[in-house]
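Tertiary structure, described
One-letter residues, chain by chain:
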Amino acid sequence: MPAQAYRGKECVCQFRKGICDQTCVQDMMETPFYIACLRLRGRRSLVVGGGDVALEKVEGLLAADGDVTVVAPDLQPTLSELAAEGSIQWIPRPYEPSDLEGTFMVIAATNDSEVNIGVYGDAERRAMLVNVVDVPPLCNFILPAIVRTGPLAIAISTAGASPALAKRMRGEVAELFGEAYADLAIMLNDARGWAKGTLPTYQDRKEFFESIVGGEPDPIQLLRDGDVAAVRDLIAAAQRTHSPA
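Read on for a plain summary of the structure. (Residues numbered from 1 in each chain as written. Predicted model: local features only at pLDDT ≥ 70, side-chain atom pairs only at ≥ 80, totals over all residues. Heavy atoms only, no water.)

**Re the packing of aromatic side chains**
The description of an aromatic ring pair rests on the distance of the ring centres and on the angle between the ring planes. Counted by the stated rule, this structure contains three aromatic pairs. Ring geometry for F177 against Y181: centres 4.9 Å apart, planes inclined by 75°, an arrangement best described as edge-to-face. Look at F177 and you get partly exposed, because its relative accessible area is 28%. Its relative accessible area of 27% is what places Y181 among the partly exposed residues. Ring centres 5.0 Å apart and planes at 45° place the aromatic pair W194 and F208 in the tilted group. Of this pair, W194 sits in helix α5 (residues 179-198) while F208 sits in helix α6 (residues 202-213); the two residues are 14 residues apart in sequence, bridging distant segments of the chain. With relative accessibility at 0%, the residue F208 sits in the buried group. An aromatic cluster is built from W194, F208 and F209, whose rings are joined through pairwise contacts. For the cation-ring pair, R43 lies above F104, with the distance from its terminal atom to the ring centre recorded as 4.7 Å. (Phe/Tyr/Trp six-rings, centres within 6.5 Å; stacked < 30°, edge-to-face > 60°. Buried < 20%, exposed > 50% of the residue type's maximum accessible area, 1.4 Å probe, protein only. Helix = DSSP H or I, 4+ residues; strand = E, 2+ residues; numbered from the N terminus. Lys NZ or Arg CZ within 6 Å of the ring centre and 35° of its normal.)

Laid out in structure tokens, this is it:
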């Protein structure tokens, strides 16, 4: 269960129960989430809060080339450095609803439940993406654990049940899908132009790429062995085989 949703602790959601009875998270395990990858470049993302949790969320947004604004009276040291170097914009005051204007996504990472509830309500009225850290009923999207290797991004979610388990899985997935997979993705992307310009149908293009990825010898093993030339030869052979007569 999320850290702030344990029975007997102070309620932090919009139900304002006083003491949490876990009403807000009882259906979390049955909630089917629609998994999507968002393009944040050129879009304004707002983080409300200036502490360590806010820093974690800011770093994730910056990794996706987000245009990040932080609103908080004070910032922890690393966030201060990011603001000073111009990597983020800092609004040095408490949150106001007008901060959401022109914003694509907002993440609330404060320790003030009323502020978090206000951010959620303001964002919902604007049909915006909103996440209040560790408070599932104040989120219309959740943030999975991410493994990034080159152009690859693998998301791992436990629907909020156990961030610790998601972290362990992230480490294991990172070991399983390493640099070789990222290198192959880049090489296959280079072949997309040829495939789109040469192969007339979706099925033709699908068969072309599957013949490389699932072919023999295994391109992943070749890349793990450092034999990039052999993978290029595989792709060239597939192009010859699949070229229209």
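Anyway, onward from the coordinates.
**Examining the pairing of strand β7 (residues 152-156)**
In the sheet, strand β6 (residues 145-149) pairs with β7 via five bridges, with the strands oriented antiparallel. Following the sheet pairing, A145 is matched in β7 by I156. Between β6 and β7, which pair antiparallel one after the other, the connecting turn spans two residues, and G150 there sits at a positive phi close to 55°. (Pairing = 2+ DSSP bridges.)

**Describing the layout of surface pockets**
With a probe scaled to a water molecule rolled over the atoms, the places where space remains empty come into view. Quantified by volume, the second largest pocket comes out at close to 180 Å³. Around the second largest pocket sit D183, M187, D190, A191, L223, V228, R232, I235 and Q239, which together line it. Contributing elements (two or more residues each) for the lining of the second largest pocket: α5 and α8 (228-242). Taken together, the residues of the lining of the second largest pocket break down into five nonpolar, one polar and three charged. (1 Å grid on protein atoms, 1.4 Å probe; cavity = no way out; pocket = protein on both sides within 12 Å on 5 of 7 lines; lining within 4 Å. Points joined across faces, edges and corners; volume = space filled by probe spheres on them. Nonpolar A, V, L, I, M, F, W, Y, C, P; charged D, E, K, R; others polar.)

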